[in-house]
Amino acid sequence: MKTTYLSSLIKQLEYYKMLGEKAMAQVPDDMLFWQYNAESNSIAVIVNHLAGNMRSRFTDFLTTDGEKPWRNRDAEFENKFTNRAEVMACWESGWQCLLQAVGQLQEEELERIVYIRNDGHTVTEALNRQLAHYPYHIGQIVYLAKMVQDGQWASLSIPRNRSTAYNERKFTQHRGRRHFTEDL
């Protein structure tokens, strides 16, 4: 049985995965490669970096350093894709590696020490580190998608000027313990 922390972590990760996917789904294929300027990353490049990080951190998560010798982080910031299917396959490969590793964790492993670039972390600390890192980049994906879509953007959360209606609906429900993503 998963701890409250582990089950909450999985729900949070799945939520951010969904946000990224819904944002990218709104973007025309060619705009996955758009960069605001030469120093900016495109959505495709951010996906490449996220997937590379996920595969490195969560391949043999408990037994090897999270920065694998085969990872080429600098290359993650170069576009290697030619179409949406390649971008999405890369995205999915990273998430599958991450979610499979996290899904296998047991409560008694949360205080175990794992390493990232030779720095020791408890498993909980390492997971929290990644839970901060991935939403940071997914926020970038969402922001870029909103820029690209301009007036055609479909909100991924509570749309502008709809907070009152949303709250009215929420407060008609009985008070109870639930994860906010259960509404999605």
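Structure first, text after, so check above.
Residues numbered from 1 in each chain as written. Predicted model: local features only at pLDDT ≥ 70, side-chain atom pairs only at ≥ 80, totals over all residues. Heavy atoms only, no water.

**Section: a nonpolar patch on the surface**
A contiguous nonpolar surface patch, about 360 Å² in accessible area, is contributed by Tyr36, Tyr143 and Met147. Within the secondary structure, Tyr143 sits in helix H4 (residues 123-149). A relative accessible area of 54% places Tyr143 in the exposed class. (Patch = residues over 30% accessible without salt bridge, like charges linked within 9 Å, V, L, I, M, F, W, Y side chains within 5 Å. Areas by Shrake-Rupley, 256 points an atom, 1.4 Å probe, with all protein chains shown as cover. Salt bridge = Lys/Arg side-chain N within 4 Å of Asp/Glu carboxyl O. Helix = DSSP H or I, 4+ residues; strand = E, 2+ residues; numbered from the N terminus. Buried < 20%, exposed > 50% of the residue type's maximum accessible area, 1.4 Å probe, protein only.)

**Brief notes about the pairing of strand S1 (residues 113-116)**
Successive residues of a regular strand alternate their side chains across the two faces of the sheet. Of the two faces of S1, the one holding Val114 and Ile116 is buried and the one holding Ile113 and Tyr115 is not buried anywhere. Sheet topology note: the S1/strand S2 (residues 119-122) ladder contains four bridges and is antiparallel. Looking across to S2, one finds that Val114 is bridged to His121. Hairpin connection of S1 to S2: two residues between the antiparallel strands, including Arg117 at a positive phi of 55 degrees. (Pairing = 2+ DSSP bridges.)

**What about the environment of Ala44?**
Within the secondary structure layout, Ala44 lies in helix H2 (residues 43-58). Owing to a relative accessible area of 0%, Ala44 belongs among the buried residues under this scheme. In this structure the C-alpha to C-alpha distance between Ala44 and Met24, which are 20 residues apart in sequence, comes to 9.5 Å. Apart from residues no more than four positions distant in its own chain, Ala44 is found in contact with Leu32, Phe33, Asn79, Phe81 and Val87. (Contact = heavy atoms within 4.5 Å.)

**Considering the environment of Phe81**
With respect to the helices, strands and loops of the structure, Phe81 is situated in the loop between H2 and helix H3 (84-103). As a C-alpha pair, Phe81 and Tyr5 span 76 residues in sequence and 36 Å in three-dimensional space.

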